[in-house]
Amino acid sequence: MSSRLKARGIVPRKSLGQNFLTDDATARRIVDAAEIAPEDLVFEIGPGMGALTVHLAKRASWVVAIELDRALIPALQ
């Protein structure tokens, strides 16, 4: 588990199928592979700590991130 998760006391919840992406290089590669254009609208389901969200927001005109785990919302703001 990453230090950011530990610092916030966040533990992945199996009931939500949580598996947090914490590697920035991997997040960049995923977003690169998606070939997102500046005019795109992206829906991200389960943004977790926002590892992908940050990179998506740099590429797309809009990113809508939907997170069910209320404990993660402060990290996303």
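Note that the coordinates shown come from a computational prediction; the quantities given were computed from them, not determined experimentally.

### Observations regarding helix α3 (residues 51-59)
In step 1: All buried positions along α3 are accounted for by Ala51, Thr53, His55 and Leu56.
In step 2: Elements in contact with the buried residues of α3: α2 (24-34), β1 (41-45) and β2 (62-66).

### Focus on the layout of surface pockets
In step 1: Volume-wise, the largest pocket comes out at about 320 Å³.
In step 2: Contributing to the lining of the largest pocket are 18 residues, with Ile45, Gly46, Pro47, Gly48 and Glu67 lying nearest its centre.
In step 3: Of the residues belonging to the lining of the largest pocket, the class tally is 10 nonpolar, 6 polar and 2 charged.

### Topic: a nonpolar patch on the surface
In step 1: A grouping of Leu41, Phe43, Ile45, Trp62, Val64 and Ile66 is seen on the molecular surface, where their side chains present a nonpolar patch of about 660 Å² in accessible area.
In step 2: Those elements that place two or more of their residues in the nonpolar patch are β1 and β2.
In step 3: Looking at where Ile45 falls in the secondary structure, it is placed in strand β1.
In step 4: Judged by relative accessible area, which is 66%, Ile45 ranks as exposed.

### Digging into the packing of α2 against α3
In step 1: Where α2 contacts α3, the two axes come as close as 9 Å, and the packing angle between them is 45 degrees. Taken as axis vectors, α2 and α3 run oblique relative to one another. For α2 against α3, the interelement crossing comes out right-handed. In contact with Asp24, Ala27, Arg28, Ile30, Val31 and Asp32 of α2, α3 contributes Ala51, Leu52, His55, Leu56 and Arg59.

Conventions we followed
- The numbers attached to residues start from 1 for each chain and follow its sequence in the written order.
- Local features in a predicted model are, by the rule used here, given only for residues with pLDDT of at least 70; side-chain atom pairs are given and counted only at 80 or more, and totals for whole chains, interfaces and linings are based on all residues.
- With hydrogens and water excluded, all non-hydrogen atoms of the structure serve as input to the side-chain values.
- Exposure categories follow from relative accessible area, calculated using a 1.4 Å probe and restricted to protein chains: below 20% of the type maximum is buried, above 50% is exposed, and the middle band is partly exposed.
- Numbering of helices and strands runs from the N terminus; a helix is a DSSP stretch of H or I covering at least four residues, while a strand is a stretch of E covering at least two.
- Any two residues whose heavy atoms approach within 4.5 Å at even a single point are treated as in contact.
- Two kinds of site are reported from a 1 Å grid over the protein atoms alone, namely cavities, where a 1.4 Å probe fits but cannot get out, and pockets, open sets with protein on both sides within 12 Å along at least five of seven lines, and residues are called lining when an atom falls within 4 Å of a point.
- Grid points are joined across faces, edges and corners, and a volume is the space filled by probe spheres set on the points.
- The classification used treats Ala, Val, Leu, Ile, Met, Phe, Trp, Tyr, Cys and Pro as nonpolar, Asp, Glu, Lys and Arg as charged, and all other residues, Gly among them, as polar.
- Exposure above 30% relative accessible area and no salt bridge define the residues that can form patches, which grow by joining like charges within 9 Å and nonpolar side chains of Val, Leu, Ile, Met, Phe, Trp and Tyr within 5 Å.
- In this description, accessible areas are obtained by the Shrake-Rupley approach with a 1.4 Å probe, and a residue is regarded as covered only by the protein chains that are shown.
- Only one rule defines a salt bridge in this text: a Lys or Arg side-chain nitrogen within 4 Å of an Asp or Glu carboxyl oxygen.
- An axis is simply a line fitted to the C-alpha atoms; with a helix, the fit covers only the stretch in contact. Between two such axes, the angle follows the N-to-C directions and lies from 0 to 180 degrees.
- Working rule for angles: under 35 degrees goes down as roughly parallel, over 145 as roughly antiparallel, 65 to 115 as roughly perpendicular, anything else as oblique.
- Rotating anticlockwise by less than a right angle from the far helix to the near helix defines a left-handed crossing, while the corresponding clockwise rotation defines a right-handed one.

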